[in-house]
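Given next are the chains, with one letter for each unit.
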Amino acid sequence: MKFSLFALGLLAASIPMARAQGNYEIQVYGAETVAPRNTMVELHSNFTVDGQRAYIQGAAPTYHAEHETIEITQGINDWSEVGFYIFTSEQSGLGVQWVGDHIRPRVRVPEKWRWPVGVSLSTEVGYQRALFSPDTWTWEIRPIVDKTSGRWYFAFNPALERTWHGPDVNQGVGFSPAAKISYDFTKKITGGFEYYADYGNIANIASLHNQQQQLFPAIDLNVSPDWEIDFGVGIGPTAATDHWIVKGIVGRRFDWGHKKKTL
Amino acid sequence: MCRHYPDEADSSLSRTTSRRKFLRRSSLAAAGVLSRQAWPAYIDAQAARSVPQGARQTPDTAPDYRIEISEIEWELSAKKKVRTAAYNGRIPGQPIRLQEGKPASIEIANRLDHAEIVHWHGQWIPPDVDGSMEEGSPMIAPGGHSRIAFTPRPSGLHWYHTHAMANRDLKHGLYSGQFGPLYVEPRANPGLYDQEQFLLLHDWEPYYSASDDGSLMVNYAAGSINGRMLGYDAPIQVREGQRILFHIVNASATEPHWLTLPGHQFQVLALDGRPVPTPAKVEALRLGPAERVSALVTMDAPGVWVLGEPQASFRNSGVGTVIEYAGRSGKPQFTPPAALQWDYRRFADPVPASYKPDVIIPLVFTSRFQGHGALDRWMINGKSYPETAPVLLHEGLRHRLVFDNRSLDDHPIHLHRHAFELVSIKGAALSGVLKDVVIVEAGTVVEADLVANNRGNTLFHCHQQDHMDAGFMALFRYV
């Protein structure tokens, strides 16, 4: 939920009753990067069933907004990738709107270093229109740690965010962690929980009332190595959070050279 | 004619040592002279200790060969060292050359802190010395030793290696440097070659990663031929017009490998040590784990070449060596073949023979998912070892083994103490190709005939270390 955290977290830190503005990519990152000569194309579809109903600082409400985000990630080598995002929004009164774009380079600790956990570091820079986020230029750095053990999977993303242009440019660094725990029920079906939060300024944590807190029961379908399918329903209990969001991710990997290992 | 063993311990023996020198050296070794000189005194002190039941001890005579298993630091290249268990302080282990039908004895000392066992892969020898605890060979305790004796057969290219389980420890089993070449001289050797080169392929620094199908698999950070990464070992020196007989062993714990030599062709003479009916020429060799190929190459393209893995990721990781023609220099050249093709049928009888089996034994290979962070559990006929039901053999009868691979992986299937004859692959008949390891590709059926002629417990398993550790084994028993 990176983009929403850029906007919402900073709003939460800047006004007493920050309210959710939008959710464009709701995903906890794993440490793995896209393989070289591979391209991953993902469509993130998020619908806010119950969210912010009013304009805040000129930003449109999220209530009943449908957000479609296209994410294209190209693997560079066995330890890096670059992702590119196109954010869009469709809602009553505004129609279909381009929201903004982000670019996200990422590096990881190569598997052959044989660390006991997966580790990668992502940084994301982007622009979004003021109609959807008062802070138009933002930057994020996201450490990623994950671990697979038997049927269990754990991931933690303690992300830090900074506004470069917008009302919160002087708000400092925001803290927006995300985490995931899941269990492989079968080879094809994995279920678990994803947690997203925005605590506001890292040096001046917002009150719980003004924090974003969201929990998504989610299902991953592992139908093919070339496809990524994920569904979830988010519950946001605090005032600053969209209360109900339905999210879905469908991804397709395109292999431009890598072959499946065979004898 | 000259012969080359990988990384000869005897520095007086160059890669181009003469056949006469080699034979003299072999006879000395056979008499225990060389090996005794190199043998640490503490081993002799331990000789008086009891040895595990099943091993045969003849302390009053020197063994033909001695193997000391110990941990070493090994230089794969100037920049990469590995700490691993190895035989006699070297990788690969010392070449062992025996005479078909002539009894031989081997003394094995285990200097590691865990039990070990040495398997004589490809040899038709009794189960108590074959080197598989599942068959009844005893493990060698830490600090202990064992002497075994057997009569080598059949002739040809074989190898010896650890048969210990690794389980999830990627330092043990065949992930380590415990392997070496075994060549059993045939009673008659026409010697239609000028040089003999032994090449043992291996992969190093294993780690777990996710496979394409979602299960855990083993990958490697480095590879080698004869214990050295490409570019680090001295080139193999050849002369134009020479015929080089390559004896190649894939000693990788899990990885299949291809090998190619640009501008040259391999004439395949033997597979798994057994001569093939049709010595066809191919551009590239494919070897699953534990497979062996003996192939003749005529040196008719002068230059400096990389003999290596055509797959760049493996070659860049070190799986290759350099062939240098006399009078040529410069950067080694490599161009991959247009296509990688391998078919056992190319080396089979021109017209397949038709056999009528006495017994048909279906063997269905499947796996059970254990989580994206775990290795799959492997099964034969629905059961994992040791729960797998023993397969019963009737002495003297022809058993048709039907390898039905219903999994998503290819498997190098190995049978101890016997060879089987391939009779069909994906429904196409063949005959004349005798092997002890065969690749059964995912979703295919391979049939092989086994004439039961070597009584005793016989282990049957996938030769991928991670698969056999996860239950892909069964015991064949004579009724």
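Source: prediction; values computed, not measured.

Attention now moves to the overall build of chain A. The helix and strand tally for chain A stands at one helix and 14 strands. Contacts in chain A between residues at least 24 apart in sequence constitute 59% of all its contacts with a sequence separation of at least 6.

In terms of helices and strands, chain B carries six helices and 33 strands. Per-residue burial over chain B gives 49% buried out of 479 residues. Excluding contacts between residues fewer than 6 apart, the proportion of contacts in chain B whose partners are at least 24 apart in sequence is 74%.

Residues and elements named next belong to chain B. Spatial ordering of the open sheet is given by S3-S2-S5-S7, a layout of four strands whose pairing is mixed. Edge positions in the open sheet fall to strand S3 (81–87) and strand S7 (145–150), since each of these has one partner strand only. Averaged over neighbouring strand pairs, the angle between their axes works out to 20° when direction is ignored.

On the secondary structure map, alanine 221 of chain B appears in strand S11 (residues 216–225). Take alanine 221 of chain B: there are 18 C-beta atoms within 10 Å of it, and that puts it in the partly exposed class. When the C-alpha atoms of alanine 221 of chain B and methionine 165 of chain B are compared, they prove to be 21 Å apart, with 56 residues separating the residues in sequence. In contact with alanine 221 of chain B, other than residues within four places in its own chain, are Lys112 of chain A together with Trp204, Glu205, Tyr207 and Ser317 of chain B.

Glancing now at the interface of chain B and chain A. Taken together, the contact between chain B and chain A spans 21 residues of the former and 18 residues of the latter. Listed by contribution, the elements that provide at least two residues to the side of chain B that touches chain A are strand S10 (195–210) and S11 of chain B. With three residues, S10 of chain B is the largest single contributor of residues to the side of chain B that touches chain A. Here the side of chain B that touches chain A is composed, by residue class, of seven nonpolar, nine polar and five charged.

Before going further, it helps to examine the sheet that holds strand S6 (residues 118–121) of chain B. Residue and element names in this part refer to chain B. Strand order across the open sheet formed by four strands is S4-S9-S8-S6, with mixed pairing between neighbours. Looking at which strands have only one partner, the edges of the open sheet turn out to be strand S4 (96–99) and S6. Strand-to-strand twist of the sheet, defined as the mean angle between neighbouring strand axes without regard to direction, takes the value 25°. Of the pairings in the sheet, the one linking S6 to strand S8 (residues 156–162) comprises four bridges and is antiparallel in character. Bridge pairing in S8 links tryptophan 120 to tyrosine 160.

This part is about the domain arrangement of chain B. Residue and element names in this part refer to chain B. Per the domain assignment, the segments of chain B are domain 1 (2–185), domain 2 (195–342) and domain 3 (359–478). Each partner contributes residues to the interface: domain 1 has 33 residues there, and domain 2 has 29 residues. For the side of domain 1 that touches domain 2, the secondary-structure elements that each account for two or more residues are strand S1 (2–4), S8 and strand S9 (179–185). The class makeup of the residues in the side of domain 1 that touches domain 2 is 19 nonpolar, ten polar and four charged.

Further remarks concern the pairing of S11 of chain B. Residue and element names in this part refer to chain B. Two elements, S10 and S11, share nine bridges in a ladder whose sense is antiparallel. Bridged to tyrosine 207 within S11 is asparagine 219. The antiparallel hairpin formed by S10 and S11 contains five residues in its connecting segment, where glycine 214 sits at a positive phi of about 95°.

So, on to unusual backbone geometry. All names here are of chain B. Note the cis peptide between arginine 153 and proline 154, where omega equals 0°. Along the chain, the position of proline 154 falls in the loop between S7 and S8. In this chain, tyrosine 385 is followed by proline 386 through a cis amide linkage whose omega measures 10°. Its place among the elements puts proline 386 in the loop between strand S23 (377–380) and strand S24 (391–393).

Now for the environment of phenylalanine 193 of chain A. All names here are of chain A. Note on placement: phenylalanine 193 falls in strand S9 (residues 189–198). Owing to 15 C-beta atoms within 10 Å, phenylalanine 193 belongs among the partly exposed residues under this scheme. For the pair phenylalanine 193 and proline 217, spaced 24 residues apart in sequence, the C-alpha to C-alpha distance is 4.5 Å. When sequence neighbours within four positions are dropped, the list of residues in contact with phenylalanine 193 reads Ile181, Leu215, Phe216, Pro217 and Ala218.

With that out of the way, let us pick up the confidence of the model for chain B. Residue and element names in this part refer to chain B. With 88% of its residues at a pLDDT of 70 or more, chain B has an overall mean of 88. Predicted confidence for residues 1–55 stays below pLDDT 50, and this span has 76 contacts to residues more than four positions away or in other chains. Per the prediction output, this complex has pTM 0.81; the corresponding ipTM is 0.75.

Residues and elements named next belong to chain B. Mapping serine 176 onto the fold places it in the loop between S8 and S9. Put simply, serine 176 and alanine 353 are 177 residues apart on the chain and 41 Å apart in space, counted from C-alpha to C-alpha. Each residue touching serine 176, except ones within four places of it in the same chain, is listed here: Thr84, Ala85, Thr162 and Lys171.

Definitions and limits used
Note that residues are indexed from 1 along each chain, following the sequence as it is written. Ligands are numbered from 1 and chains lettered from A, in the order in which they are written. Two thresholds apply to this predicted model, a pLDDT of at least 70 for residue-level local features and 80 or more for giving and counting side-chain atom pairs, whereas whole-chain, interface and lining totals are computed over all residues. The way it works is that DSSP assigns letters per residue, a run of H or I at least four long becomes a helix, a run of E at least two long becomes a strand, and they are numbered from the N terminus. Once C-beta atoms have been placed from the backbone, residue pairs whose C-beta atoms lie within 7 Å are recorded as contacts. Buried, partly exposed and exposed are defined by the number of other C-beta atoms within 10 Å of a residue's own C-beta, namely 20 or more, between the two limits, and 12 or fewer respectively, with C-beta atoms placed from the backbone. For two strands to pair, DSSP has to find at least two bridges joining them. Fitting a line to C-alpha atoms yields each axis, with helices limited to the stretch in contact; the angle taken between N-to-C directions then spans 0 to 180 degrees. Amino acids are sorted into nonpolar (Ala, Val, Leu, Ile, Met, Phe, Trp, Tyr, Cys and Pro), charged (Asp, Glu, Lys and Arg) and polar (every other residue, Gly among them). For the purposes of this description, domain bounds are those given by an automatic or database domain assignment. Each residue carries a pLDDT score, the predictor's confidence in it, ranging from 0 to 100.

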